[in-house]
Amino acid sequence: MIAYFNGQFLPREEIRVSPDDRGFLFADGVYEVIRAYGGKPFKMSEHLKRLARSLKEIRIDFPEVEKLAAVGEKLIAVNNLGEGEYATIYIQITRGAASRKHTFPDEPVPPTVYVAASPGISQRAKIEKGVKIILVPDIRWTRCDIKSVSLLPNVLANQQAKEKGAEEAVFVRNGKITEGSHTNFFMIFDGQVRTHPLNTHILPGITRDIIRDLCRDFKIPFREKLVSEKDLPKAEEMFLSGTSMEVTPVIQVDDWKVGQGTPGSVTVRLREAYKKMLDDFRKS
Ligand code: PLP
């Protein structure tokens, strides 16, 4: 596979990251994951806008973010990923390599920029059948709106989910449900879709925005409101959203079933609408 590293297109195995890279030493960097369908990146400009915001929030100066759209497209082409159903573009930018100290480098160093493309893994079976989640304490920092590569709490939570036979771990902060380790989380109460408000406790998901718009189009009530963990068993339906997970029904939480233990009707409507949007995009 060919990847992009600091201005060059190279075989991925030839890329050498410095041991002084602040991404390696401090997780001092941010990232994005974009899905391509039929070779075409979906919502690229939205992802790049979020990347630019993440960079600004952590004060990495990289004005060329928009140029990464062409880099992603080139990687799909040179790696022959255009024919496959899915491909994934991964972008990571760190504060660069400098001798180790906590403060930013005294002399400015160029950020490290890495972009790779790979065949996407289909989540279709899980999206159709629905998945189990577990609830875990949200031990993350309070800037979860920044897509930081510092993902240790997310890694530990997702591993815990895997070990319990679940697909995702959903975080609970101060008794309120926030989001999944790599997804946003939605609950349905009395036919109303509820999700955590956009603030520094969750990532502003690109898929989350699409779900909000689909709800508006379908006249499904959509409310950004905190939900207590203790109210969760009253939810009729639940689902996860994310670039790869699309709209994935949740049918079990820890050891109890959600509704009838099958994907709920509002969820299925949104899941199918999202899928149709992707199919139309692929064909466009
Ligand atoms: N929340 C977290 C913590 C994530 O890591 C992700 C995606 O990686 C999401 C939500 C979903 O965001 P998106 O829909 O943009 O993929």
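Position labels on residues start from 1 in each chain and follow its written sequence. At least 70 in pLDDT is required for a residue's local features to be given in this predicted model, at least 80 for side-chain atom pairs to be given and counted, and no such filter applies to totals for whole chains, interfaces and linings, which use all residues. Hydrogens and waters are ignored; side-chain quantities use all the structure's heavy atoms.

Quick rundown of the packing of aromatic side chains? Include the residues and the values.
Describing an aromatic ring pair means giving the distance of the ring centres and the angle of the ring planes. Only Phe, Tyr and Trp rings take part, Trp by its six-membered ring, and two of them pair if their centres are within 6.5 Å. Stacked means planes under 30 degrees apart, edge-to-face means over 60, and tilted covers everything else. Scanning all chains against the criterion turns up eight aromatic pairs. With centroids separated by 5.8 Å and ring planes inclined at 70 degrees, the aromatic side chains of Tyr-37 and Tyr-86 adopt a geometry described as edge-to-face. Of this pair, Tyr-37 sits in strand β3 (residues 29–37) while Tyr-86 is found in strand β5 (residues 86–94), placing the two residues 49 residues apart along the sequence. Between Phe-42 and Phe-281 the ring centres are 5.0 Å apart and the planes differ by 65 degrees, which places this aromatic pair in the edge-to-face class. Of the two residues, Phe-42 is situated in the loop between β4 (40–41) and α2 (44–57) and Phe-281 in helix α7 (residues 265–283); the sequence distance between them amounts to 239 residues. Burial classes: relative accessible area under 20% of the type maximum marks a residue as buried, over 50% as exposed, and values in between as partly exposed (1.4 Å probe, protein chains only). Of the residues examined, Phe-42 reaches a relative accessible area of 8% and is grouped as buried. Connected via pairs of aromatic rings, a cluster forms that spans Tyr-37, Phe-42, Tyr-86, Tyr-274 and Phe-281. Two thresholds decide whether a charge sits over a ring: the Lys NZ or Arg CZ must be within 6 Å of the ring centre and within 35 degrees of the ring normal. For Arg-35, the ring lying beneath its charged end belongs to Tyr-86, and the centroid distance is 4.1 Å. Over the ring of Phe-218 we find Arg-269; its NZ or CZ atom is 4.5 Å from the centre of that ring. Segments assigned H or I by DSSP are reported as helices when at least four residues long, segments assigned E as strands when at least two residues long, and all are numbered from the N terminus.

An account of the side chain of Arg-194 is needed here, citing residue identities and associated values.
Position of Arg-194 relative to the elements: it lies in strand β11 (residues 192–195). When charges are counted, Lys and Arg contribute as positive and Asp and Glu as negative, whereas His and the chain ends are disregarded. By convention in these notes, a salt bridge is any Lys or Arg side-chain nitrogen within 4 Å of a carboxyl oxygen on Asp or Glu. Among buried Asp, Glu, Lys and Arg side chains, Arg-194 stands out as unpaired, with Asp-190 the closest opposite charge at 6.3 Å. Looking at Arg-194, its side chain comes within polar contact range of the side chain of Gln-192, at 3.1 Å. Those residues within four positions of Arg-194 in sequence are excluded, and the remaining contacts are Phe-185, Phe-186, Met-187, Phe-189, Arg-223, Lys-225 and Val-227. N or O atoms closer than or at 3.5 Å make up a polar contact, with two conditions inside protein: a donor-capable atom paired with an acceptor-capable one, and, for residues adjacent in sequence, both atoms drawn from side chains. Should any heavy atoms of two residues lie within 4.5 Å, those residues are considered in contact.

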